[in-house]
Amino acid sequence: MVSAKELQEQVARRRTFAIISHPDAGKTTLTEKLLLYGGAIHLAGAVKAKSSQRNTTSDWMEIERQRGISISTSVLQFEYGGKKINLLDTPGHKDFSEDTYRTLVAVDAAVMLIDAAKGVEPQTRKLFEVCRMRGLPIFTFINKMDRPSREPLDLIDELENVLGIRSTPVSWPIGMGEQFKGIYDRRTEELLLFQRDGTANAKNRLAPVKISGVEDPNFADIVGGDVDEVKQLHKVMKDELDLLEIAGDPFDIEKVLKGQLTPIFFGSALNNFGVERFLETFLDMAPPPQGRDANDIEVLATDTDFSGMFFKIQANMDPQHRDRVSFFRVCSGKFTRGMDAKHARLDKDYKLSKSVQFFGQERVAMEEAWPGDIVGFLDTTGEFRIGDTLYAGKKIEFQGVPRFSPEHFATVASSDPLKRKQLKKGLDQLSEEGVIQIFHRPGQGDSQPILGAVGALQFEVLEHRIRDEYRVDMKLEKLGFVKARWVVSEGVDLDEFNRTDSIYLVDRDNLPVILFRTDWAISWAEQKYPKVQFLTTAPLVRKTKK
Ligand code: G4P
């Protein structure tokens, strides 16, 4: 039995988070720098296969080799300042998929990385919505300040107007681009002066300089360089901070933890500038592993009975072994390799002996894990599905992982008629695994399924796996829908949607869903049917079959 004191200590020192951003904002660069601070320097190259290395570093799936991209969410664990950090990678670029969203179900906080020249971009916005749905605390890092950027106040305005979140800058930039001199830490009243280099060696860095506040008369001397230029930058900074004092939001940790207020940091990941200060402050403010709802009770991370939930399944990570790894977040108690636990949905006992941990492509046995940690279970039976709960002690079942609105849809245009059964089996299994979602017309069974995916690449993965694992050649025909909305309606005949450009279908759990061809059509439907709720995620269905 785990000691309550040790459990509390382990929980208190853990931070589990993900970085949300749009491609090219600098997520890989920031992740590498964070790892360098965590002393995991030798891992830095393993974060994401990049350009020339791509083909050699990533062989989880053949399709990765063909396309030179990384499909799988990796989990990186490192230590810094006495904290044990789990950083969950959210696949982006073309490999953006439902897994990217699901990752956010397994974290306790998110870092929103924004390119200072571009502001809030579409992928960030989508991921932000998922964070908001979960009420996750969000910490914003505005990157690439060494390049010509948008005005900081303008970026803050955008966070509020586009994302609807208030913000509170923890640091403030002094100039930008060629004129970027560094940042002023409003909490500690220190100046961190900018150097254009990417080393992580703290010994080479200029030490932060404590000043007597933003009005400090020695400001220009401390910053150095062209006095007139620095005086001008100081004036701009003072004016902006004055404005923030009046119109901005004061720091309020309660609001931060509820996801209502985002602390903002400025820096340059490439130059490793502002990253360490950000990491320290983030670890200080971000919450330890949080409680979760299960059967209407809240399971606390510090509850001594072990429990957790599967949030992602990755098949074929090792093509030689055709294996399947189910990623599991420990929610309470202690996991020990070889322990006994129960599968809530199947009401079945397991000995949990096939636990692994990942470092990029390397895998090692995981002997123990604590709340907030991610364990990979090698699953030969295929019985671990997304949203499933494992527990020891009193029965609990977590609420599960929602299904998110696909943005790509297709029908099966052709396949070998003799292999229809085989195809159905493949589609069913891959939908259980979360590779795609399956919809069909109400009352028509599943002979003509409509397949949905959050990212277009999911369809390629599907075709590849159906061919490779189920030996069926199939061709997909893309449909012109862009969004699905699960509908909760009273008194509205959903068949009406079949008469418009949209269509009415049902999903795997027989929940009604409407597919739309444009965002405009969704707004139109929302206005026309004010009593109908159009949901972006599938309502959670209690999973245990009674
Ligand atoms: P991603 O994972 O979010 O897609 O972004 P990634 O880190 O790959 O960074 C995208 C590009 O932005 C890279 O340049 C990277 O060097 C650059 N970058 C990241 N942080 C900063 C920063 O603070 N300042 C500046 N100036 N650039 C930054 P690239 O030329 O596309 O790739 P590479 O050849 O340098 O790898």
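What you are looking at is a predicted structure, and each value in this text was computed from that prediction instead of being measured.

Peer 1: Which residues make up the pairing of strand 11 (residues 261-266), and what values go with them?
Peer 2: With 6 of its 6 residues buried, strand 11 lies for the most part within the structure. In strand 11, alternate side chains face the same way, and those of L261, P263 and F265 on one face and T262, I264 and F266 on the other are all buried. As judged from the 3 bridges shared by strand 5 (residues 138-143) and strand 11, these two strands associate in the parallel manner. By the bridge assignment for strand 11, F141 is matched with F265. Bridge analysis of strand 6 (residues 166-169) against strand 11 gives 4 bridges, and the strand direction is parallel. In the strand pairing of strand 11, S167 is matched with T262.

Peer 1: Outline the nonpolar core, supporting the account with residue identities and numerical values.
Peer 2: Formed by 69 residues in total, the largest nonpolar core has its most connected members in L104, M112, L159, L191, F219 and M237. In terms of residue count, the dominant contributor to this core is helix 9 (residues 227-247) (5 residues). Domain assignment of the residues forming this core places at least three in each of domain 1 (15-285) and domain 2 (292-391). Not counting the four nearest positions on each side in its chain, M237 is found in contact with W172, P173, I174, Y184, V214 and F219. If you look at the next biggest cluster of nonpolar residues, it comprises 29 residues, including V256, V275, L283 and M285.

Peer 1: Which residues make up the packing of aromatic side chains, and what values go with them?
Peer 2: Scanning all chains against the criterion turns up 28 aromatic pairs. Judged by centre distance (5.2 Å) and plane angle (80°), the rings of F194 and F273 are edge-to-face. Pair noted here: F194 is in the loop between strand 9 (190-193) and strand 10 (209-210) and F273 is in the loop between strand 11 and helix 11 (275-285), with a separation of 79 residues, a long-range link. With respect to class, F194 is no different from F273; both count as buried. The interplanar angle of 65° and the centroid separation of 6.2 Å between the aromatic rings of F377 and F384 together place this pair among those described as edge-to-face.

Peer 1: Just give me the short version of unusual backbone geometry, but keep the residues and values in it.
Peer 2: Here the phi dihedral of N272 falls at roughly 50°; this positive angle occurs in a residue that is not glycine. Secondary-structure assignment places N272 in the loop between strand 11 and helix 11. The phi dihedral of N510 is positive, around 65°, even though this residue is not glycine. Its location among the elements puts N510 in the loop between strand 29 (503-507) and strand 30 (512-516).

Peer 1: Residue-level account of the sheet that holds strand 25 (residues 437-440), with values.
Peer 2: Spatially, 27-24-26-25-29-30-28-31 is the arrangement adopted by the 8 strands of the open sheet, whose pairing is antiparallel. Each of the sheet's edge strands pairs with one partner strand only, and the pair in question is strand 27 (474-479) and strand 31 (533-535). Taken pair by pair, the neighbouring strands of this sheet meet at an average axis angle of 40°, ignoring direction. Note that strand 28 (residues 483-488) and strand 31 share 3 bridges and pair antiparallel. Paired with V487 across the two strands is F534, which belongs to strand 31. Packed on one face of the sheet, helix 13 (residues 457-470) meets strand 24 (408-415), strand 26 (450-453) and strand 27 and runs near 160° to strand 27.

Peer 1: Give me the lowdown on the site of the ligand, citing residues and values where you can.
Peer 2: Around the ligand, a shell composed of 18 residues is seen, among which D24, K27, T28, T29 and S268 lie nearest. With respect to the ligand, the backbone of G26 contributes an N or O atom lying 3.0 Å from an oxygen atom. Between the ligand and T28, the relevant distance is 2.5 Å, taken from an oxygen atom to a side-chain nitrogen or oxygen of the residue. It is helix 2 (residues 27-37) that contributes the most residues to the shell around the ligand, 3 residues altogether. The class makeup of the residues in the shell around the ligand is 4 nonpolar, 7 polar and 7 charged.

Peer 1: Now, about the pattern of salt bridges: what can you tell me, with residues and values included?
Peer 2: In the structure shown here, the tally under the stated rule is 38 salt bridges. R14 serves as the salt-bridge partner of D373, at 2.7 Å between the closest nitrogen and oxygen. Residue D373 is found in the loop between strand 21 (368-369) and strand 22 (374-378), and its partner R14 is found in strand 1 (residues 14-21); the two are separated by 359 residues along the sequence. Taken individually, D373 and R14 each receive the classification buried, so the pair is uniform in this respect. Its salt-bridge partner being K238, residue E215 comes within 3.6 Å of it at the nearest N-O pair. Here the residue E215 occupies a position in the loop between strand 10 and helix 8 (219-223), and K238 occupies one in helix 9, the gap between them amounting to 23 residues. Salt bridges sharing partners connect three or more residues here, namely R324, D379, E433, R465 and E469.

Cut-off values and rules
- Residues numbered from 1 in each chain as written.
- Predicted model: local features only at pLDDT ≥ 70, side-chain atom pairs only at ≥ 80, totals over all residues.
- Heavy atoms only, no water.
- Buried < 20%, exposed > 50% of the residue type's maximum accessible area, 1.4 Å probe, protein only.
- Helix = DSSP H or I, 4+ residues; strand = E, 2+ residues; numbered from the N terminus.
- Pairing = 2+ DSSP bridges.
- Core = buried A, V, L, I, M, F, W, Y, C linked by side-chain atoms within 4.5 Å.
- Domains from an automatic or database assignment.
- Contact = heavy atoms within 4.5 Å.
- Phe/Tyr/Trp six-rings, centres within 6.5 Å; stacked < 30°, edge-to-face > 60°.
- Axes fitted to C-alpha atoms, helices over the stretch in contact; angles between N-to-C directions.
- Near = heavy atom within 4 Å.
- Polar contact = N/O pair within 3.5 Å; in protein donor to acceptor, adjacent residues only side chain to side chain.
- Nonpolar A, V, L, I, M, F, W, Y, C, P; charged D, E, K, R; others polar.
- Salt bridge = Lys/Arg side-chain N within 4 Å of Asp/Glu carboxyl O.

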